Amino acid sequence: MTIRDLEPKLVWEIFDDITKVPRPSKHEEKMGKFLVEFAKSHNLEYQCDAIGNVVIRKAATAGFESRPTVVLQAHTDMVCEKNSDKVFDFNNDAIQTYIDNGWVKADGTTLGADDGIGVAAALALLIDESVEHPAIEALFTVDEETGLTGAFNLGEGMVKGKYLINLDSEDEGEVFIGCAGGIDTLAYLPLVTEPAPSGYSYYKVAVSGLLGGHSGDDIEKGHANSNKLAARVAERATRLFAARLSDFNGGNLRNAIPREAYIVLGVPSQNGAAFMEDAKMFGATLCAEFAIVEKGAKIEVSEVEAPTSLLAEATQRNLLLALLSVPSGVLAMSAAMPGLVETSTNLASVKFEGDKIVITTSQRSSVESAKEYAMLQVESAFVAAGCEVVHSDGYPGWAPNPHSTLLECTKSAYNKLFGTEPKVRAIHAGLECGLFLEKYPHLEMVSFGPTLRGVHSPDERLEISTVDKFWKLLIEVLKSIK
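Residues numbered from 1 in each chain as written. Predicted model: local features only at pLDDT ≥ 70, side-chain atom pairs only at ≥ 80, totals over all residues. Heavy atoms only, no water.

**Remarks on the overall build of the chain**
When its secondary structure is counted, the chain shows 11 helices and 23 strands. On C-alpha atoms alone, the chain measures out to a radius of gyration of 24 Å, which is about the 23 Å that the 2.2 N^0.38 rule sets for 482 residues. With the C-alpha coordinates of the chain rotated into their principal frame, the extents come out at 85 × 50 × 45 Å. Residues classed as buried in the chain amount to 57% of the 482 residues present. Restricting the contact set of the chain to residue pairs at least 6 apart, pairs at least 24 apart contribute 79%. Summed over its atoms, the accessible surface of the chain is roughly 18,900 Å², and 51% of this surface lies on carbon and sulfur atoms. (Helix = DSSP H or I, 4+ residues; strand = E, 2+ residues; numbered from the N terminus. Rg over C-alpha atoms; globule rule 2.2 N^0.38 Å. Buried < 20%, exposed > 50% of the residue type's maximum accessible area, 1.4 Å probe, protein only. Contact = heavy atoms within 4.5 Å. Areas by Shrake-Rupley, 256 points an atom, 1.4 Å probe, with all protein chains shown as cover.)

Right under this line is the structure:
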């Protein structure tokens, strides 16, 4: 059985087609061509803007011509993460899907259901002649995951609808009416090195097996951060065994909690055996610290060949000061909505790039002043460690409107279908809705979707049974809007 055999069949067939189209963030050209060909093959009107967003339009069905136009919105890019032992080219290879105990998963990579399943549902509605609906504008944006570039640069006249349904949520049974704003903070430390001395033994310490996950949705779950763990190992080795750091590589994406990291250390050879024993012990201690949450955590130590260079001592000190002092995780919970993370920050990646060490972090908050304060906390830690700091433009949050007509329609439709009220929530992750609201202040918006878990990591999975409920709710809302 393949995912093309699942129900609702049309949605799963289109989703399967989408998994075969490479679409990394900032490289959605093939997906844009797929959408245009889809529109042409079904005689649907379409429009593209300069940044690569695509809108496909369908007229209202008979009897629905006087009802307000609805925008169905999803993003076309996907987070490209894979296990370190997986050979895969996200620019050319098709995602390899399989079914496992009620979930659809990918073999060693992200699945791309964030937001491929939203794209699939919107496309299915455009061609399913059995669905009654008002006029539809299906808006597909680019580069949501690494900067909201498509939403920031949405072309004039792309949408005219009164209501917008964002199809980028990850918890069936929940309707989202607000989201956090965010900003990225990058630190640059000059990469000053010196020749690796003789008389040293060299070791690689690798952190792996962590859960990782979305830096918004999963930040409150207590997942370990691989960069923090690697920095703690390096600091201890420096303090106890006069270790020298040659390399530090951890994490990849600004919006993912890092799952893996490694460091390369040089230790005076007379300290080698003691270092190996202590590093294994301390690694076990760190894994035990997160044992309840991170059951698969591993910190492994192995001897490696001598590198050609080490970090200068001042550079090593400043790097470790930066990584150990910068906050990462939940900074505040919301008093307005119990259980909602209000403010957080994520130490996302550490990379040696040319003559610089680049440290990437992201801050989120549903309160603009708190977002700015989190940014200042992160900046202060980096500046104190001698880094140059640069901030992205950031993006606004989406203020909840608990009294909107669209929300009431969605709640009523859910209750009619499933006999219970959906939960109405705000989300700590960033959605494009805040940017749409800046451009189109008249919009009423909600966001809902099927259940996904492990997004932004190779553990990403899509719960099969919730896709059918998501599809039925979408159809019922479209039929009910007046």
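**Remarks on the pairing of strand E11 (residues 200–208)**
Two strands pair when backbone bridges link them, and E11 and strand E13 (residues 261–268) are joined in this way by eight bridges, in the antiparallel orientation. If you follow Val 207 over to E13, its bridge partner there is Ala 261. (Pairing = 2+ DSSP bridges.)

**Considerations on the sheet that holds strand E5 (residues 103–106)**
An order of E4-E5-E23-E22 is seen for the four strands of this open sheet, with the pairing classed as antiparallel. Of all strands in the sheet, those with a lone pairing partner are strand E4 (97–100) and strand E22 (452–453), marking the two edges. Summarising the sheet, E4 and E5 pair through four bridges and their orientation is antiparallel. In the sheet register, Asp 100 faces E5, and the bridge partner there is Trp 103. Helix H11 (residues 464–480) rests against E4, E5 and strand E23 (461–463) of the sheet, and its axis sits at about 60° to E23. (Axes fitted to C-alpha atoms, helices over the stretch in contact; angles between N-to-C directions.)

**Considerations on helix H5 (residues 226–241)**
Look at H5: 22 Å from first C-alpha to last across 16 residues, which is about the 22 Å you get at 1.5 Å a residue. Within H5, burial applies to Ser 226, Asn 227, Lys 228, Leu 229, Ala 230, Ala 231, Val 233, Ala 234, Arg 236, Ala 237 and Phe 241. (Expected span 1.5 Å × (residues − 1).)

**Points about the side chain of Ser 201**
Relative to the elements of secondary structure, Ser 201 occurs in strand E11. Since its relative accessible area comes to 14%, Ser 201 is described here as buried. A distance of 3.2 Å separates the side chain of Ser 201 from the side chain of Ser 269, its partner in a polar contact. Apart from the residues within four sequence positions on either side, Ser 201 is in contact with Leu 265, Gly 266, Val 267, Ser 269 and Glu 303. (Polar contact = N/O pair within 3.5 Å; in protein donor to acceptor, adjacent residues only side chain to side chain.)

**Points about the packing of aromatic side chains**
Scanning the entire structure with this criterion turns up seven aromatic pairs. Plain terms: the ring middles of Phe 241 and Phe 275 are 6.0 Å apart, the flat faces sit at 80° to each other, and that makes the pair edge-to-face. Pair noted here: Phe 241 is in helix H5 and Phe 275 is in helix H6 (residues 272–289), with a separation of 34 residues, a long-range link. For Phe 241, a relative accessible area of 11% translates into the label buried. A cation over an aromatic ring shows up here: Lys 204 above the ring of Tyr 262, its NZ or CZ 4.5 Å from the ring centre. Positioned above the aromatic ring of Trp 103 is the side chain of Arg 461, whose terminal nitrogen or guanidinium carbon lies 5.4 Å from the ring centre. (Phe/Tyr/Trp six-rings, centres within 6.5 Å; stacked < 30°, edge-to-face > 60°. Lys NZ or Arg CZ within 6 Å of the ring centre and 35° of its normal.)

**Details of the nonpolar core**
If you look at the biggest cluster of nonpolar residues, it comprises 64 residues, and the most contacted ones within it are Trp 12, Leu 72, Leu 123, Ile 165 and Val 477. It is helix H3 (residues 113–127) that contributes the most residues to this core, 10 residues altogether. Dropping the residues within four chain positions of it, Leu 123 is found in contact with Ile 14, Ile 18, Phe 34, Leu 35, Phe 38, Ile 56 and Phe 140. (Core = buried A, V, L, I, M, F, W, Y, C linked by side-chain atoms within 4.5 Å.)

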